[in-house]
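Fold and contact review
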Amino acid sequence: MEYVDIRGVPIKASRIGLGTWAMGGYQWGGTDDDESVRTIHAALDLGINLIDTAPAYGFGHSEEVVGRAIAEYGGRDRVVISTKGGLERRGDKLFRNSRRDVIRTEVENSLARLRTDYIDLYFVHWPDLDTPYEETAAALGALQKAGKIRGVAVSNYSIAAMERFHAITPLSAAQPPLNVFEREALRDIIPWCRERGIGTLTYGALCRGLLTGTIDESTKFDGDDLRKVDPKLVAPRVSQYTAAVRELEAYARQRYQRGIIPLAIRWTIDQPGVSVALWGARHPSELSPVIDVMGWHLDDEALSAIDRMLSSTIRDPVGPEFMAPPERASGADAKIPAAPI
């Protein structure tokens, strides 16, 4: 396993982090808690010591599972827990709310669910345009001084928003989306963080399962699975993206004798300025390719070949914007179902 320093975190973090969104069950068609705990233990056995969660993942359920798993495994001081706040529940929907009082309450609730007295990295999940960034930053800075948070961080923020936040409370990390198909963060967010020594925990490295090679044009998603409305996974784009996946997998096998998952993760952590790639899983077997990610790098020839494959197969690219939860506004915006990352 490769490890990296993140400002404010006293131990090195693994460059692969375990994402636990699906362990919350909500928007992923349910979950099996015992299996989730086994998955977290398997990740820790592999040297993955960064576990990323959030109250939004199953309305607190994912945090409870993570707390249970770490308590049963032991060694809390050797685990980097990353969680988030700033999404307010209304019924079965979530809306952005990063007011000072909300943040304070959320941190206390997360500490209880995680069975810990400190959080290594605490992210504001999405920017709340109705609350001054300075107010949220000051609230988290106070919690950091109190020892409840070690590193203050933000997710899905613009550079302008991060600059205002960072001026009040220095950022330890940012969490933008990044994978072979969704690269917008490489243009601005990641270089900005790199220049300032701010770590990056990029999410969606496997693009919601698309880059596992197990999804094709006939794949159906059941229940409340958000992938039912992912524009990459419905016609007309699904055939373009799955064609790209097949080409990428063939290339990985021919050039590196590895599968597409190691190729996709290696591509992400080889990008300059990327500290950690988050890998979502909820079954131990899904982590078996971890060993094939380490000990090699993609060279310029490979990066160019990957770009050519994508250009030839994906005629109508689309980003991850569909996942953004609504603001606190009433009216039409309030009808948009939330799908937090």
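Read on for an overview of the structure. (Residues numbered from 1 in each chain as written. Predicted model: local features only at pLDDT ≥ 70, side-chain atom pairs only at ≥ 80, totals over all residues. Heavy atoms only, no water.)

1. With respect to the sheet that holds strand β5 (residues 80–85)
On the basis of which strands lie adjacent, the closed barrel formed by eight strands has the order β3-β4-β5-β8-β9-β10-β11-β12 and parallel pairing. Each strand axis lies, on average, 30° off the axis of its neighbour in the sheet, ignoring direction. Two strands pair when backbone bridges link them, and strand β3 (residues 16–19) and strand β12 (residues 276–280) are joined in this way by four bridges, in the parallel orientation. When the bridges of β12 are listed, I16 appears paired with A277. In the packing of helix α4 (residues 133–145) onto the sheet, the strands contacted are β8 (119–124) and β9 (149–155), and the crossing angle to β9 comes to about 160°. (Pairing = 2+ DSSP bridges. Helix = DSSP H or I, 4+ residues; strand = E, 2+ residues; numbered from the N terminus. Axes fitted to C-alpha atoms, helices over the stretch in contact; angles between N-to-C directions. Contact = heavy atoms within 4.5 Å.)

2. So, the nonpolar core
One finds F181, L211, L248 and W279 to be the most contacted residues of the largest nonpolar core, which totals 85 residues. Ignoring anything within four residues of it in the chain, the contact list for W279 reads I16, G17, L18, G19, L206, I261, I265, E286, L287, P289, V290 and V293. In terms of nonpolar packing, the next biggest core, distinct from the first, is built from 23 residues, V4, V9, L226 and M323 among them. (Core = buried A, V, L, I, M, F, W, Y, C linked by side-chain atoms within 4.5 Å. Buried < 20%, exposed > 50% of the residue type's maximum accessible area, 1.4 Å probe, protein only.)

3. Topic: the pairing of β3
Residues I16 and L18 point to one face of β3 and G17 and G19 to the other, with burial holding for every one of them. Relative to strand β4 (residues 50–52), β3 is paired through three bridges, and the arrangement is parallel. Counted as the bridge partner of G19 is D52 from β4.

4. Examining the layout of surface pockets
Here the second largest pocket defines a volume of roughly 340 Å³. Every residue lining the second largest pocket is counted, 19 residues in all, and those nearest its centre are N156, P177, E184, Y203 and P320. Here the lining of the second largest pocket is built from residues that sort into 11 nonpolar, four polar and four charged. (1 Å grid on protein atoms, 1.4 Å probe; cavity = no way out; pocket = protein on both sides within 12 Å on 5 of 7 lines; lining within 4 Å. Points joined across faces, edges and corners; volume = space filled by probe spheres on them. Nonpolar A, V, L, I, M, F, W, Y, C, P; charged D, E, K, R; others polar.)

5. Regarding helix α5 (residues 159–168)
Each α-helix winds once per 3.6 residues, and so residues spaced three or four apart point in a common direction. All of the buried residues in α5 are A161, M162 and F165. All buried residues of α5 fall inside an arc of 95° around its axis, so they share one side. If you follow the buried residues of α5, they end up packed against β8, α4, β9, β10 (173–175) and α6 (189–195). (Arc of directions from axis to C-beta.)

6. A few points about the environment of T116
By secondary structure assignment, the location of T116 is in the loop between α3 (100–114) and β8. The class for T116 is buried, based on a relative accessible area of 13%. Placed 88 residues apart in sequence, T116 and G204 show a C-alpha to C-alpha distance of 26 Å. In this structure T116 touches R76 and L111, once residues within four positions along its chain are discounted.

7. Description of unusual backbone geometry
Cis geometry is found at the peptide bond from A235 to P236, where omega equals 5°. Within the element layout of this structure, P236 appears in the loop between β11 (199–202) and α7 (237–256). The phi dihedral of N156 is positive, around 65°, even though this residue is not glycine. Positionally, N156 belongs in the loop between β9 and α5. Exposure remark for N156: the relative accessible area of 18% places this residue in the buried category. We note that Q257 has phi near 55°; this positive angle belongs to a residue other than glycine. Inspection of the secondary structure assignment puts Q257 in the loop between α7 and α8 (260–269). Using a relative accessible area of 61% as the deciding quantity, one classes Q257 as exposed.

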